[in-house]
Amino acid sequence: MKVLLKSLCVGFIVSILLSLVSFEGECREISEQVFRIHILANSDSEEDQDLKIKVRDAILKESDKLFCGAHNKETVKNITAENLDYFKGVAENTIKNEGYDYSIKASLTNMYFDTRYYDDITMPSGFYDALRIEIGEAKGKNWWCVMYPSLCLSAFSKGDSLQEKLSTKQYGIVSSKGKYKFKFKAVEIFNSILDRLF
């Protein structure tokens with residue numbers, strides 16, 4: 001009886017691990033198809049946080065124009081790389097128009113994002129290519145979203161949707177409304193361990 005119980009426990013653990021490995025693979029594929037934006041405010045003061053939102057709006061409006069006609073992440077990534085100075089200028093002009101003189105750093109990076117919930121969409125943790133805008137000392141709360149497909153551009157864009165760019169299974173994962181909360185957390189822990197090892 002003990003052998004049977006041990007076998008059932010081992011089988012159960014193995015099936016959970018296999019399920020998580022498969023889920024992690026889907027999450028990794030999602031991160032490979034998505035381009036994000038990350039904006040760091042100068043500080044957590046109300047003024048600096050408001051300024052961050054104004055920079056966000058200006059960047060998203062301009063990226064909507066630049067990304068018009070781009071139908072894959074690599075194109076968006078290339079457009080971003082070619083226009084880093086332009087994005088920096090948009091942020092600088094916004095800041096100047098608001099009466100501040102903070103420096104701006106704009107970069108194209110591949111960075112780690114925690115699991116993030118946006119209304120009905122959940123973006124799994126992982127490494128994503130992103131446009132990163134750092135305002136001044138960049139020590140304030142940040143703002144992040146998905147630039148491509150146009151999850152955070154909905155106010156500005158009618159471009160490709162997340163549903164159009166992900167497989168049915170992947171879209172089911174991100175639009176699950178909390179169904180995979182445990183698996184998302186497990187993937188986050190797994191990615192955190194991998195990040196420390198490598």
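Residues numbered from 1 in each chain as written. Predicted model: local features only at pLDDT ≥ 70, side-chain atom pairs only at ≥ 80, totals over all residues. Heavy atoms only, no water.

I tried to follow the packing of helix α2 (residues 46-67) against helix α4 (residues 84-97) on my own but got confused; where do I start?
Pairs of packed helices are described in terms of their axes, by the angle between the two and the distance that separates them. Their axes nearest at 9 Å, the elements α2 and α4 cross at an angle of 140°. Crossing of α2 over α4 shows right-handed handedness. Packed against α2, whose contacting residues are Leu51, Lys54, Val55, Ala58, Ile59, Glu62, Ser63, Leu66 and Phe67, the element α4 presents Tyr86, Phe87, Val90, Ala91, Thr94 and Ile95 at the interface. Looking at the contact of α2 with α4 residue by residue, the class counts come to eleven nonpolar, two polar and two charged. (Axes fitted to C-alpha atoms, helices over the stretch in contact; angles between N-to-C directions. Helix = DSSP H or I, 4+ residues; strand = E, 2+ residues; numbered from the N terminus. Left-handed = near helix turned anticlockwise from the far one by under 90°. Contact = heavy atoms within 4.5 Å. Nonpolar A, V, L, I, M, F, W, Y, C, P; charged D, E, K, R; others polar.)

Quick question: what am I supposed to make of the packing of aromatic side chains here?
The geometry of an aromatic ring pair comes down to the distance between the two centres and the angle between the two planes. With the rule as written, the count across this model stands at five aromatic pairs. A network of ring pairs unites the aromatic residues Phe113, Tyr128 and Trp144 as a single cluster. Over the ring of Phe113 we find Arg36, and its NZ or CZ is 4.1 Å from the ring centre. A cation over a ring is seen here: Arg36 above Tyr128, with NZ or CZ 4.5 Å from the ring centre. (Phe/Tyr/Trp six-rings, centres within 6.5 Å; stacked < 30°, edge-to-face > 60°. Lys NZ or Arg CZ within 6 Å of the ring centre and 35° of its normal.)

Any chance you could explain the sheet that holds strand β1 (residues 35-40) here in plain terms?
Sheet strands line up and pair through hydrogen bonds in the backbone, either parallel or antiparallel. Reading across the sheet, the four strands line up as β2-β5-β1-β6 and stay open at both edges, with mixed pairing between neighbours. Looking at the sheet topology across the chains shown, the edges are occupied by β2 (104-113) and β6 (142-148). Geometrically, the sheet is characterised by an average inter-axis angle of 25° between neighbouring strands, direction not taken into account. Pairing between β2 and strand β5 (residues 126-135): ten bridges, direction antiparallel. Looking across to β5, one finds that Met111 is bridged to Tyr128. (Pairing = 2+ DSSP bridges.)

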